[in-house]
Amino acid sequence: MKLPTRDILIDNNCWEPRTDQVPGCPDVTAFKQQARLHQCLWREAQGYPAGTQPYDPAGGNQRTIGSRLDYRFAIEQKRNMITDAARTAATTRVNTPQTDQMLDADRLWCDLLSSMPLCFNLFGPLSVDLDLAQQAVGVWFPDAPGKVSAVHLEWSPGRLDPGYLGNRTAFDAAIELDLGNGTFGIIGVEIKYHEH
């Protein structure tokens, strides 16, 4: 992969050496820098305003980040979600908090590089259409037992409870399977995009 030049990254408010440069991993560095620039250029092509660090610029001291959406615009328009189903799933999840959850609503709505909105964009349609979810599970996991009964996103009930799984797990997506005998199974999915 070819690295974008530092000048191009700076000109597009995409120069983030602390997060995008991975020592000893030039391919990962190139991917991260290209992904950030790509998301910035996509945002500009849509006519969406750039965001900041921190997400909410109300505190005063902020800097522009080209790969983020403006805080107020992002919360009002929810354009980090690419389908109505993803927007519905994300809005529903934000409005139903869980104890000790990992969900960060600002990151969900504003950060174009976060795996969190990627999860809602990929699995949101499945969470609102269980027939579609069942079809997807049949293709992805043909040996999965039971029938899809729910698709949970950014799901972490009991995350800090040692009786839950005992490892502080939060699933990006959790496909719940009704095994037909009064028990349920879970297919847990972890999603990464820009993170390494």
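Scope of this entry: the structure provided in the associated data block. (Residues numbered from 1 in each chain as written. Predicted model: local features only at pLDDT ≥ 70, side-chain atom pairs only at ≥ 80, totals over all residues. Heavy atoms only, no water.)

## So, the packing of aromatic side chains
Applying the stated criterion to the full structure yields six aromatic pairs. Where Phe123 meets Trp140, the ring centres are 5.8 Å apart and the plane angle is 65 degrees; that geometry is what we call edge-to-face. Remark: Trp140 occurs in helix H8 (residues 130–140) and Phe123 occurs in helix H7 (residues 115–128); sequence separation between them is 17 residues. Given the relative accessible area of 7%, Phe123 is considered buried. When the ring of Trp155 is compared with that of Phe171, the centres are 6.2 Å apart and the planes differ by 25 degrees; the resulting orientation is stacked. (Phe/Tyr/Trp six-rings, centres within 6.5 Å; stacked < 30°, edge-to-face > 60°. Helix = DSSP H or I, 4+ residues; strand = E, 2+ residues; numbered from the N terminus. Buried < 20%, exposed > 50% of the residue type's maximum accessible area, 1.4 Å probe, protein only.)

## Description of a nonpolar patch on the surface
On the surface, Val139, Trp140 and Phe141 cluster together into a nonpolar patch covering about 320 Å² of accessible area. Mapped onto the elements, Phe141 comes out in the loop between H8 and strand S3 (147–155). (Patch = residues over 30% accessible without salt bridge, like charges linked within 9 Å, V, L, I, M, F, W, Y side chains within 5 Å. Areas by Shrake-Rupley, 256 points an atom, 1.4 Å probe, with all protein chains shown as cover. Salt bridge = Lys/Arg side-chain N within 4 Å of Asp/Glu carboxyl O.)

## Things to note about the layout of surface pockets
Here the largest pocket defines a volume of roughly 340 Å³. What lines the largest pocket is a set of 16 residues, among which Thr19, Arg36, Arg68, Asp111 and His194 lie closest to the centre. For the lining of the largest pocket, the element with the highest residue contribution is strand S2 (residues 63–69), accounting for four residues. Looking at the lining of the largest pocket residue by residue, the classes come out as two nonpolar, five polar and nine charged. (1 Å grid on protein atoms, 1.4 Å probe; cavity = no way out; pocket = protein on both sides within 12 Å on 5 of 7 lines; lining within 4 Å. Points joined across faces, edges and corners; volume = space filled by probe spheres on them. Nonpolar A, V, L, I, M, F, W, Y, C, P; charged D, E, K, R; others polar.)

## Let's talk about the packing of helix H5 (residues 84–94) against H7
To describe two helices that pack against each other, one gives the angle between their axes and the distance between the axes. Direction vectors running N to C along H5 and H7 enclose 85 degrees, while the axes themselves pass 7 Å from each other. The angle between H5 and H7 falls in the class roughly perpendicular. Contact with H5, carried on its side by Ala85, Ala86, Thr88, Ala89, Ala90 and Arg93, involves Phe120, Asn121, Gly124, Pro125, Ser127 and Val128 of H7 and no other residues of that element. Residues belonging to the contact of H5 with H7 are distributed by class as follows: seven nonpolar, four polar and one charged. (Axes fitted to C-alpha atoms, helices over the stretch in contact; angles between N-to-C directions. Parallel < 35°, antiparallel > 145°, perpendicular 65-115°, else oblique. Contact = heavy atoms within 4.5 Å.)

## Examining the sheet that holds strand S5 (residues 184–189)
Spatially, S3-S4-S5 is the arrangement adopted by the three strands of the open sheet, whose pairing is antiparallel. Each of the sheet's edge strands pairs with one partner strand only, and the pair in question is S3 and S5. Between one strand axis and the next, the sheet turns through 20 degrees on average, direction left out of account. (Pairing = 2+ DSSP bridges.)

## Focus on helix H3 (residues 26–46)
Here H3 spans 30 Å end to end across 21 residues, near enough to the 30 Å set by a 1.5 Å rise per residue. Among all positions in H3, only Thr29, Ala30, Lys32, Gln33, Ala35, Arg36, Leu37, Gln39, Cys40 and Arg43 are buried. (Expected span 1.5 Å × (residues − 1).)

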